Amino acid sequence: MTDLAALDVIILDYDAGNLRSVVRAVERVGARPEVASVGAALDEADAVILPGVGAAADTMRNLRERGLVEPIREYIAADRPFLGVCMGLQALMTASDEGGDHPCLDVLPGRVVRLPGSQHDGQHDSRKVPHMGWNRVWPRRASALFDGIPDGAYFYFVHSYYCDLSEADDVLAVTEYGVELTAVVQRSNLAATQFHPEKSGAYGLRIYRNFLAGLGSAAA
Amino acid sequence: MLTKRVIACFDVDAGRVVKGISFVELRDAGDPVEMAAVYDREGIDELVFLDITASHEHRNTVVEMVRSTADRVFIPFTVGGGLRTTDDMRLMLESGADKITINTAAVQRPALISEGAQRFGSQCIVVAIDAHTEADGRMRVYTHGGRRPTELDAVDWAREVVERGAGEIMLTSMNTDGHQDGYDIPLTRAVSDAVEVPVIASGGAGDSQHMIEAVREGRADAVLAASIFHFGTHRIADVKRQMQQAGIPVRMERADYDDVL
């Protein structure tokens, strides 16, 4: 059993809003995270969490201004433990359609595209955008990230764009909102969620715990 | 399938929940943080805190409440009341709120909506609309806690706030609010059909049947209630079970933090 309190957990701060919630969630599962906004903080980290809300263009601009783009890319390329949350997932993609055509970190091949919304047509329920609220998440394969979490557990989503991944093997879990959406990505020590685990009650916190507890045991 | 959300709303005055509370499990029935934790355990999907004093002297009290809530409750919550600038919004979001809600300030200066959306993302910006259906059928927007009529039509205003970047609309009917006789279905449906973003129905919840109607007939994406939960006449889990039995997708699981962690 990993001693979570002994881990050097870095939560990246790039002016992206909901930092405090992520910090509190990670503390609640027994770790002692540090908030950092410089690339050097990644050198000694046991795990890095990239949170985020807002728009892709702002996210990338903030990451660039803080000199975080290359350190993040190198960190992930070295297969060190990394968790992206919401915008922290979308930022990993090749490019995003949000507000134009914005190149992203290009760690995960694929594009971030607009959710297809629809209005109530008298028979079928509307699909509002943003996709906002609790939706069920279905893992496609076994992973330590979902230890203790039942298939179809509910997680809290809020997003208007989603990740259309080129490599199906990167998709760990999906949800359904008119189309099947990527809910969780995992590739070896890299994991990322479209939903907000820090806002998804007990099972959300369990995702953080599983991520941190699984360090060293790598890909399931 | 995305579930329909059941949201509890607290009116907070100087850091205390107002409106009579008779929820037996609470050690401190007026403490919003304590109540938030209990409602989370009961399976509420989301919480809204409205600071009804909304004065600058009390701003620190509200920030403290937001911080304490974020420390204990790991579900989304919205804070509103007296927020007039993007710096006001930032203070709440940094303290741990997931969304902020604006009402009168948005009517007085609609650019505030787009400024907030640009700075924090649309998903954080909830515009609250108080509307009253007049004798001639017109759905008129009111401000200042329902005291001041405007010339705005609720549906037109809803379209405009979305255009300006609102990510969600919290729609309260002044006709039905406080009566516990059901939500305003025509108003809710008119607004929900007019906009692409989620609409929260508010005002008039008396039982689960009203919530079922708000979703089915009113096409609401979420239903908000205060008194029926605060007075303990309806338990959150019971309401959600009845909604589920009526065929509405709701989140039924109530996982306990200590059990899961």
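Below you will find a few notes about this structure. (Residues numbered from 1 in each chain as written. Chains lettered and ligands numbered in written order. Predicted model: local features only at pLDDT ≥ 70, side-chain atom pairs only at ≥ 80, totals over all residues. Heavy atoms only, no water.)

**Here we look at the sheet that holds strand β6 (residues 102-103) of chain A**
Residue and element names in this part refer to chain A.
No. 1: Spatially, β6-β5-β7-β10 is the arrangement adopted by the 4 strands of the open sheet, whose pairing is mixed. Where the open sheet ends on each side, the last strands, each with one partner, are β6 and β10 (161-165).
No. 2: Looking at chain direction, strand β7 (residues 108-114) and β10 are connected through 5 bridges and run antiparallel. Bridge pairing links R114 to Y161 in β10. (Pairing = 2+ DSSP bridges. Helix = DSSP H or I, 4+ residues; strand = E, 2+ residues; numbered from the N terminus.)

**Remarks on the sheet that holds strand β2 (residues 34-36) of chain A**
Residue and element names in this part refer to chain A.
No. 1: Within the open sheet, the 9 strands sit side by side as β2-β1-β3-β4-β13-β12-β11-β8-β9. Their pairing is mixed. Each end of this open sheet is capped by a strand with a single partner; those strands are β2 and β9 (153-159). Neighbour to neighbour, the strand axes of the sheet diverge by 30 degrees on average, direction disregarded. (Axes fitted to C-alpha atoms, helices over the stretch in contact; angles between N-to-C directions.)

**Topic: the interface of chain A and chain B**
No. 1: If you look at the interface, chain A gives 41 residues, while chain B gives 48 residues.
No. 2: Between chain A and chain B, roughly 3,700 Å² of surface is buried when both sides are summed, and carbon and sulfur atoms account for 53% of that area.
No. 3: Of all residues in chain A, the largest losses of buried area upon contact with chain B belong to R20(A), M132(A) and W134(A), amounting jointly to 21% of the total for that side.
No. 4: Taking the shortest distance from any N to any O, the salt bridge between K199(A) and D98(B) comes out at 3.0 Å.
No. 5: Viewed at the interface, chain B and chain A are joined by 24 residue pairs in polar contact (both at pLDDT 80 or more). (Contact = heavy atoms within 4.5 Å. Buried area = accessible area lost by both parts, 1.4 Å probe. Salt bridge = Lys/Arg side-chain N within 4 Å of Asp/Glu carboxyl O. Polar contact = N/O pair within 3.5 Å; in protein donor to acceptor, adjacent residues only side chain to side chain.)

**Section: the packing of helix α3 (residues 86-95) of chain B against helix α5 (residues 111-120) of chain B**
All names here are of chain B.
No. 1: Between α3 and α5, the shortest axis-to-axis distance is 10 Å and the interhelical angle comes to 45 degrees. Between α3 and α5, the angle falls in the class oblique. Here α3 and α5 pass one another in a crossing that is right-handed. Two secondary-structure elements touch here, α3 through T86, D87, M89, R90 and L93 and α5 through L112, E115, G116, R119 and F120.
No. 2: Partitioned by chemical class, the residues of the contact of α3 with α5 number 4 nonpolar, 2 polar and 4 charged. (Parallel < 35°, antiparallel > 145°, perpendicular 65-115°, else oblique. Left-handed = near helix turned anticlockwise from the far one by under 90°. Nonpolar A, V, L, I, M, F, W, Y, C, P; charged D, E, K, R; others polar.)

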